[in-house]
Amino acid sequence: VIWDVITDPIIGALSDKTNTRFGKKRTWLLVAIPGILISYCLLFTDFGLEGGAQTAYFVILSMAFWTGYTCFSVPYYSMGASMTMDNDERTKIRMLGMVIQYVGIFFSNVAPTMLVTVLLNSGMDAYQAWHITAWVAAFLCTATLVVVFISTKGIELDIETKQEEKRKNFLKEAIEALKIKPYLILVV
């Protein structure tokens with residue numbers, strides 16, 4: 001959690017300033033994929049380390065995993081704002097993204113234990129079962145991230161240009177934010 005406090009704003013700021021042929025946010029989705037895949041697999045790999053070495057190994061790999069996750073999630077969550085200037089559309093995009101995410105979270109929490117049980121019942125020991133399950137989960141997660149990257153091609157707007165066209169001041173933007181029904185309900 002402390003590491004996320006450090007990395008979230010850094011990745012957010014970097015993703016806002018990034019300009020590549022893939023776009024601002026999508027570049028970071030692509031950057032995240034190898035880090036998540038490699039760290040996820042290595043977190044479930046036993047190299048026979050003990051004591052402080054084992055603790056350091058898992059702390060470093062956990063930080064690497066969560067950095068990769070941050071590289072994906074922070075730009076992904078802010079991508080709705082890069083797709084449209086309409087607050088209602090942004091809210092709908094974010095809602096759809098959250099529904100899909102929660103379905104994924106459900107399956108990522110339930111499916112691994114089911115697969116481990118099947119592998120244990122087939123005669124594998126606990127380490128082998130969890131190791132194979134982690135690799136399967138890592139590759140399914142990576143496939144999902146690749147699909148998100150591919151499916152978002154060409155939908156980012158050039159927000160700076162759009163904002164210059166509108167030339168809104170802070171008060172007008174604050175009033176617009178209050179028009180977002182979920183935000184207004186939360187504020188009330």
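Above this text is the structure in question.
## Let's talk about the overall build of the protein chain
Working step 1: When its secondary structure is counted, the protein chain shows 8 helices and 0 strands.
Working step 2: In sequence order, the protein chain lays out its α and β elements as α-α-α-α-α-α-α-α.
Working step 3: Counting over 188 residues, the protein chain shows a buried share of 29%.
Working step 4: Summarising the internal contacts of the protein chain: among those between residues at least 6 apart in sequence, 66% fall at separations of at least 24.
Working step 5: For the protein chain, the computed accessible surface area is about 12300 Å², with 70% contributed by carbon and sulfur atoms.

## Quick look at helix H2 (residues 25–43)
Working step 1: Compared with an ideal rise of 1.5 Å per residue, which puts 19 residues at 27 Å, H2 spans 27 Å between its outermost C-alpha atoms and is within 8% of the ideal.
Working step 2: Taken together, the buried positions of H2 are occupied by Lys25, Arg26, Thr27, Trp28, Leu29, Ala32, Ile33, Ile36, Leu37, Ser39, Cys41 and Leu43.
Working step 3: Buried-residue contacts for H2 involve helix H1 (2–17), helix H3 (51–83) and helix H5 (126–151).

## As for the side chain of Thr7
Working step 1: Summarising the element assignment, Thr7 is placed in helix H1.
Working step 2: In this structure Thr7 comes out as buried when scored by relative accessible area, which is 7%.
Working step 3: Once residues lying within four places of it in the same chain are set aside, the contact partners of Thr7 are Thr67 and Thr70.

## Let's talk about the pattern of salt bridges
When the charged atoms of two side chains with opposite charge come close together, those side chains can pair.
Working step 1: Under the defined criterion, the tally for this structure stands at 1 salt bridge.
Working step 2: In this structure, Lys25 and Asp16 form a salt bridge, with 2.4 Å as the shortest nitrogen-oxygen distance.
Working step 3: Accessibility expressed as a relative area gives 43% for Asp16, which makes it partly exposed.

## With respect to H5
Working step 1: When the terminal C-alpha atoms of H5 are compared, their 37 Å separation across 26 residues agrees well with the 38 Å that a helix rising 1.5 Å per residue should span.
Working step 2: Those residues of H5 lying buried are Ala129, His131, Thr133, Ala134, Ala137, Ala138, Thr142, Leu145, Val148 and Phe149.
Working step 3: In the core, the buried residues of H5 are packed alongside H2, H3 and helix H4 (87–121).
Working step 4: Residue Asp125 occupies the N-cap position of H5, its side-chain oxygen lying 3.1 Å from the main-chain nitrogen of Tyr127.

Criteria and cut-off values
Residues numbered from 1 in each chain as written. Predicted model: local features only at pLDDT ≥ 70, side-chain atom pairs only at ≥ 80, totals over all residues. Heavy atoms only, no water. Helix = DSSP H or I, 4+ residues; strand = E, 2+ residues; numbered from the N terminus. Buried < 20%, exposed > 50% of the residue type's maximum accessible area, 1.4 Å probe, protein only. Contact = heavy atoms within 4.5 Å. Areas by Shrake-Rupley, 256 points an atom, 1.4 Å probe, with all protein chains shown as cover. Expected span 1.5 Å × (residues − 1). Salt bridge = Lys/Arg side-chain N within 4 Å of Asp/Glu carboxyl O. Polar contact = N/O pair within 3.5 Å; in protein donor to acceptor, adjacent residues only side chain to side chain.

On their own, these measurements won't tell you what the molecule is for.
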